[in-house]
Amino acid sequence: MADGGYQSNLGLLRQFLDEFRSVLRQETPGLIPRLAFNYARACLSLLCQYPNKKLATLSLYRWINVFIMCNVMNAFVTMVFALPESKNVIEIGDDLVWISGMGLVFTKIFYMRLRCNEIDELIWDFDYYNRELRPNQRDEEVLGWQRMCYLIESGLYMNCFCLVNFFSAAVFLQPLLGEGKLPFHSIWPFQWHRMDLHPSMFWFLYIWLSLTSQHNLMSILMVDMVGISTFLQTALNLKLLCIELRKLGEMKAVSDARFHEEFCRVIRFHQHIISMVKKANSAFNASFNAQLVTSFLLISISTFETMAAAALDPKMAAKFVLLLMVVFIQLSLWCIAGTLVYTQSLEVAQAAFEINDWHTKAPAIQRDISFVIFRAQQPLMYEAKPFLPFTLGTYMLVLKNCYRLLALMQESM
């Protein structure tokens, strides 16, 4: 699927629910159909947000992708131009939230466009265990962990899909109950955004902005799902590595040469994981930076605006609370998944130390195992350079700084 075309991606998504149900109903762990990565990538391909080597050969696909990028930038510009029209702090906050969100959308889909071929290589690399180390795996513990990861990722896709659609409906239907405004505050040429002057053009813009914003939300959801799947698959591979290391100690009555051969195969897997983390950090660095900065801004602005609007405009307050929930969930997923990678990478050292009777092996084997223990004490992390890694510690730091900024804004009012 690394070079799948449009039709093959469409066919893959049609199989998703059947494959998910078949894995969910397994009485005993078995082989999973494929990495759940592939479903998020297929969605991005169908949304015309993934012009990799295969799809970029289709001229129509390339032009649609360029049009989508221009449309996102156009929406961003119209919102920026509308900012001076805001009359009070609540309206300014609403505008800043949409501008920040649209900036995040553009950044992520732009870098997905630039890095999609690298992400194809990453997805291929994450199947190294099944392809190279254990192509005929029958161990129930390994299969059980792979099944669990598949179900967690797939369940996450479905729940986030429902959450995004609920958020979209709440945001874009709310203006219909008010004063006839566009889904978000923006200025268009010839006063097209005013329903009293151009009713037909207003409704065309309303429908167009609602549809394209829904497309943008689905795009950023799938970009995030690819990133979070990267974290989860890394944690899974580290868990499988720990299992393989502990199994080395169960090899009875084998020569040191045979033990060392199997040990080297497992350690090549460890080196492969380290290499994957470096590649993923490079491929997603801009998205990671945009995510941290935008999360900080959205949490700060939404919390402040919720407090400011609570007494004056309950509808706006409810809107900010909904947005705040979405941002918290998004940042929580990134940081929890990143913490899994961090903690599981440290478990590798413990697993290597627990290899039975490793101190009785040949000196060369003892030295190699000691090196693995030493290397594994340096945790693997997904980080937004030059900012902090995605861990729960970073999550708490973001919340703490948001609180400080909120207190400062309250004092200045």
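Residues numbered from 1 in each chain as written. Predicted model: local features only at pLDDT ≥ 70, side-chain atom pairs only at ≥ 80, totals over all residues. Heavy atoms only, no water.

Points about the pattern of salt bridges
Okay, so step 1: The final tally for this structure, using the stated rule, is 13 salt bridges.
Okay, so step 2: One salt bridge connects R115 with E118, and the closest N-O pair in it is separated by 2.7 Å. Here the residue R115 and the residue E118 both occupy positions in helix α5 (residues 89-125), the gap between them amounting to 3 residues, near one helical turn.
Okay, so step 3: A salt bridge links E262 to R258; the nearest nitrogen and oxygen atoms lie 3.5 Å apart. Taken as a pair, E262 and R258 lie in helix α9 (residues 256-309) at a separation of 4 residues, close to a single helical turn.
Okay, so step 4: Each of R134, E244, R258, E262 and R265 takes part in salt bridges that share partners, so that together they form one network. (Salt bridge = Lys/Arg side-chain N within 4 Å of Asp/Glu carboxyl O. Helix = DSSP H or I, 4+ residues; strand = E, 2+ residues; numbered from the N terminus.)

Focus on unusual backbone geometry
Most peptide bonds take the trans form, and the phi angle of most residues other than glycine is negative.
Okay, so step 1: Backbone geometry places C48, a non-glycine residue, at a positive phi of 60°.
Okay, so step 2: By the element assignment, C48 lies in the loop between α3 (37-46) and α4 (59-82).
Okay, so step 3: The backbone of F190 shows a phi angle near 60°, a positive value even though the residue is not glycine.
Okay, so step 4: Note that F190 resides in the loop between α7 (140-173) and α8 (199-248).
Okay, so step 5: F190 sits in the exposed class, given a relative accessible area of 62%. (Buried < 20%, exposed > 50% of the residue type's maximum accessible area, 1.4 Å probe, protein only.)

A few points about the nonpolar core
Okay, so step 1: In terms of nonpolar packing, the biggest core is built from 127 residues, with M222, M225 and L245 touching the most fellow members.
Okay, so step 2: The dominant element in this core, judged by the number of residues it contributes, is α8, at 24 residues.
Okay, so step 3: Residues contacting M222, with those up to four places away along its chain left out, are A40, C43, L44 and L47. (Core = buried A, V, L, I, M, F, W, Y, C linked by side-chain atoms within 4.5 Å. Contact = heavy atoms within 4.5 Å.)

Here's the deal with the packing of aromatic side chains
Okay, so step 1: Applying the stated criterion across every chain yields a total of 24 aromatic pairs.
Okay, so step 2: Both rings, one in Y39 and one in Y150, keep their centres 6.2 Å apart while their planes meet at 70°; by these two values the pair is edge-to-face. With Y39 in helix α3 and Y150 in helix α7, this residue pair connects regions lying 111 residues apart in the sequence.
Okay, so step 3: The buried category is assigned to Y39, whose relative accessible area is 2%.
Okay, so step 4: Owing to a relative accessible area of 1%, Y150 belongs among the buried residues under this scheme.
Okay, so step 5: The interplanar angle of 80° and the centroid separation of 5.7 Å between the aromatic rings of F288 and W334 together place this pair among those described as edge-to-face. Taken as a pair, F288 in helix α9 and W334 in helix α10 (residues 314-353) lie far apart in primary sequence, 46 residues in all. Accessibility classification places F288 together with W334 in one group, the buried group. (Phe/Tyr/Trp six-rings, centres within 6.5 Å; stacked < 30°, edge-to-face > 60°.)

A short note on the environment of S255
Okay, so step 1: Structurally, S255 is set in the loop between α8 and α9.
Okay, so step 2: What makes S255 partly exposed here is its relative accessible area of 43%.
Okay, so step 3: Of note is the side chain of S255, whose polar atom sits 3.2 Å from the backbone nitrogen of R258. (Polar contact = N/O pair within 3.5 Å; in protein donor to acceptor, adjacent residues only side chain to side chain.)

Some details on the environment of L292
Okay, so step 1: Looking at where L292 falls in the secondary structure, it is placed in helix α9.
Okay, so step 2: For L292 and A384, which are 92 residues apart along the polypeptide, the C-alpha to C-alpha distance reads 7.8 Å.

Re a nonpolar patch on the surface
Okay, so step 1: A surface patch of nonpolar side chains, amounting to about 320 Å² of accessible area, comprises M73, V77, V80 and F81.
Okay, so step 2: Examined against the element boundaries, F81 turns out to sit in helix α4. (Patch = residues over 30% accessible without salt bridge, like charges linked within 9 Å, V, L, I, M, F, W, Y side chains within 5 Å. Areas by Shrake-Rupley, 256 points an atom, 1.4 Å probe, with all protein chains shown as cover.)

Concerning the packing of α7 against α8
Okay, so step 1: Here α7 crosses α8 at 160°, and the two axes come no closer than 9 Å. It follows from the interaxial angle that α7 and α8 lie roughly antiparallel. For the element pair α7 and α8, the recorded crossing hand is right-handed.
Okay, so step 2: Here the residues of the contact of α7 with α8 are counted per class, giving 22 nonpolar, 8 polar and 4 charged. (Axes fitted to C-alpha atoms, helices over the stretch in contact; angles between N-to-C directions. Parallel < 35°, antiparallel > 145°, perpendicular 65-115°, else oblique. Left-handed = near helix turned anticlockwise from the far one by under 90°. Nonpolar A, V, L, I, M, F, W, Y, C, P; charged D, E, K, R; others polar.)

Interpretation in functional terms is not warranted from these geometric data alone.
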